[in-house]
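Examination of the molecular architecture
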Amino acid sequence: MKIQLVFIPSPGIGHLRSTVELAKRLVRSDDRLWITVIIIPYPSISDDDVETTYIASLTTASQDRLNYEAISVANQPTDYQEPTQVYIEKQKPQVRDVVARIFHSTGVDSPRVAGFVVDMFCSSMIDVVNEFGVPCYMVYTSNATCLGITLHIQRMFDEKKYDVSELEDSVNELEFPFLTRPYPVKCLPDFFTSKDWLAFFLAQARCFRKMKGILVNTVAELEPHALKMFNSGDVAALRRAEDKRLCDGGGVGIGGSDTEVL
Amino acid sequence: MAVQIRKFFRGDMLVGGMEIVTTVDIERAVRCVMENDSEVRNRVKEMAEKCHVASMDGGSSQVALQKFIQDVTENVV
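Criteria and thresholds
- Counting restarts for each chain, with residues numbered from 1 along the sequence as it is written.
- Chains carry letters from A onward and ligands carry numbers from 1 onward, assigned in written order.
- Totals for whole chains, interfaces and linings use all residues, but because this is a predicted model, local features are given only for residues with pLDDT of at least 70 and pairs of side-chain atoms are given and counted only at 80 or more.
- Under the scheme used here, helices are H or I runs from DSSP no shorter than 4 residues and strands are E runs no shorter than 2 residues, and both carry numbers assigned from the N terminus.
- It is the C-beta atoms, placed from the backbone, that decide contacts: two residues are in contact if theirs lie within 7 Å.
- Here, strands pair whenever DSSP counts at least two bridges between them.
- Each axis is a line fitted through C-alpha atoms, and for a helix only the stretch in contact is used; angles between axes span 0 to 180 degrees, taken between their N-to-C directions.
- Here the bounds of each domain stem from an automatic or database domain assignment.
- Side-chain classes follow a simple rule in which Ala, Val, Leu, Ile, Met, Phe, Trp, Tyr, Cys and Pro form the nonpolar group, Asp, Glu, Lys and Arg form the charged group, and the remainder, Gly included, forms the polar group.
- Remark: C-beta atoms are placed from the backbone, and a residue is labelled buried if 20 or more other C-beta atoms sit within 10 Å of its own, exposed if 12 or fewer do, or partly exposed between those counts.
- For a helix, the expected span equals 1.5 Å multiplied by the number of residues minus one.
- Each residue carries a pLDDT score, the predictor's confidence in it, ranging from 0 to 100.
- In these notes the angle categories are as follows: under 35 degrees is roughly parallel, over 145 is roughly antiparallel, 65 to 115 is roughly perpendicular, and the rest is oblique.
- In a left-handed crossing the near helix is turned counterclockwise from the far helix by less than a right angle, and in a right-handed crossing that turn is clockwise.

1. Some points on the overall build of chain B
When helices and strands are counted, chain B shows three helices and zero strands. In chain B, of all internal contacts separated by at least 6 residues, the share reaching a separation of at least 24 is 29%.

2. Looking at the sheet that holds strand S5 (residues 136–140) of chain A
The strand order across the open sheet formed by six strands is S3-S2-S1-S4-S5-S8 (chain A), and the pairing between neighbours is parallel. Because the sheet does not close on itself, it has two edges, and the strands there are strand S3 (66–70) and strand S8 (213–216) of chain A. Direction aside, the axes of adjacent strands within the sheet are offset by 25° on average. Where strand S1 (residues 3–8) of chain A and strand S2 (residues 33–39) of chain A come together, five bridges link them in parallel fashion. Bridge assignment links Ile3(A) to a residue of S2(A), and that residue is Leu33(A). Helix-sheet contacts for helix H3 (residues 60–76) of chain B involve S1, S2, strand S4 (112–119) and S8 of chain A, and the interaxial angle to S4(A) is about 135°.

3. Brief notes about unusual backbone geometry
Positive phi values are uncommon outside glycine, yet Lys161(A) reaches one of about 55°. As for its position among the elements, Lys161(A) is in the loop between helix H6 (144–160) and strand S6 (173–175).

4. A look at the environment of Tyr68(A)
Position of Tyr68(A) among the secondary structure elements: in strand S3. Those residues in contact with Tyr68(A) that sit more than four places away from it in its chain are Val37(A), Ile39(A), Leu58(A), Thr59(A) and Ser62(A).

5. Overview of the domain arrangement of chain A
Residue and element names in this part refer to chain A. Considered domain by domain, chain A is made up of domain 1 (3–140) and domain 2 (144–209 + 229–253). With seven residues of domain 1 at the contact, the number on the domain 2 side is five residues. A breakdown of the residues in the side of domain 1 that touches domain 2 according to their chemical character gives four nonpolar, three polar and no charged.

6. Considerations on the pairing of S8(A)
All names here are of chain A. What you see with S8 is no split at all: Gly213 and Leu215 on one side and Ile214 and Val216 on the other are buried throughout. Pairing geometry for S5 and S8, over four bridges, is parallel. Bridge assignment links Tyr137 to a residue of S8, and that residue is Gly213.

7. Here's the deal with H6(A)
Residue and element names in this part refer to chain A. An ideal rise of 1.5 Å per residue puts 24 Å on 17 residues; H6 measures up with 23 Å between its terminal C-alpha atoms. Burial within H6 is extensive, with twelve of its 17 residues counted as buried. Once H6 finishes, Lys161 follows within two positions and takes phi at roughly 55°, a positive value.

8. Section: the pairing of S4(A)
Residue and element names in this part refer to chain A. Across the eight residues that make up S4, a large majority, seven, are buried. As paired elements, S1 and S4 share six bridges and run parallel to each other. By the bridge assignment, Ile3 is partnered in S4 with Arg112. Strand direction decides the pairing type here: S4 and S5, joined by four bridges, are parallel. By the bridge assignment for S5, Phe116 is matched with Cys136.

9. Examining the interface of chain A and chain B
The partner chain B presents 21 residues to the 29 residues of chain A that form the contact. Tallied by class, the residues present in the side of chain A that touches chain B amount to 15 nonpolar, six polar and eight charged.

10. Some remarks on the confidence of the model for chain A
This prediction gives chain A a mean pLDDT of 83; 85% of its residues lie at or above 70. Per-residue pLDDT stays below 50 along residues 232–259 of chain A; that stretch engages in 58 contacts with residues further than four places along the chain or on separate chains.

11. Concerning the packing of helix H1 (residues 13–29) of chain A against helix H2 (residues 50–60) of chain A
Residues and elements named next belong to chain A. At a closest axis distance of 10 Å, the pairing of H1 and H2 adopts a crossing angle of 20°. Here H1 lies roughly parallel to H2, going by the angle between them. Like other packed secondary-structure pairs, H1 and H2 cross with a definite hand, here left-handed. Across the interface between the two elements, Ile13, Leu16, Arg17 and Val20 from H1 touch Val50, Glu51, Tyr54 and Leu58 from H2. Counted by class, the contact of H1 with H2 contains six nonpolar, no polar and two charged residues.

Rendered as structure tokens:
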């Protein structure tokens, strides 16, 4: 049996290279797997910038079981500050064309499409994937603790109306189930404390929960506590474990101290 | 496993006005991880070894990937 997976990495060399390495590793570890990587480039700055050169090297290295399809992106002047996720969402039509081609090329001996693996910034592509009726998985290129905190902040916002971008000045620390120590509020990244960014990341986190599974860029030995919180080392079951955990726990505790328990 | 460059900095990529982290700050942090027998360096070596073992046959990372493959396989059978 031949099993086809379709990968959609995010542009940007950091995400692209690590996702491609994951695809290579999967193909090496199981000879039933066939992987097509759909590459969404940024409009290229020049012919020899790092990303353009890398993509060119991949497409020429395409082979049967691991091939690369770079879509052509409109050479429109893009707003420098446009978030990657917004840029990616605009490429849906071209991605859909490639996906349709993969499905139409199904012959008697062709591999069967078993799922999509999209990058964390490409989570909106789940809409395209759903049109074809196959499961969608996600690659989270940051670590499990970061994923846990993001999902927890979203759950707290949606279920308890707890907004980390509107904390009282008296709150200096937050306690997360995914961390072993209280987290200083001043160190929260701006995508959690800025209203505009927070809305954006909350929407993204809600989308994460629709995935059949999340592959996290970590190893169990690196973040034992966070993985224990996810309740399972089983990457495919991560989302379900996470849901369970968050339903069980949570609750805002505002005591006399300056630490809030998330 | 981290070296502090700045305790925190403020700024917003959307509205601009990002605070600048200077070369002096970066240099101090880089020198800190270059020192032989520094705590960070030893810890990174230790974790690198653990990660290496995790990705070998029977290691936690390899086992997790096998479970993922098992899950996708079940989508088509």
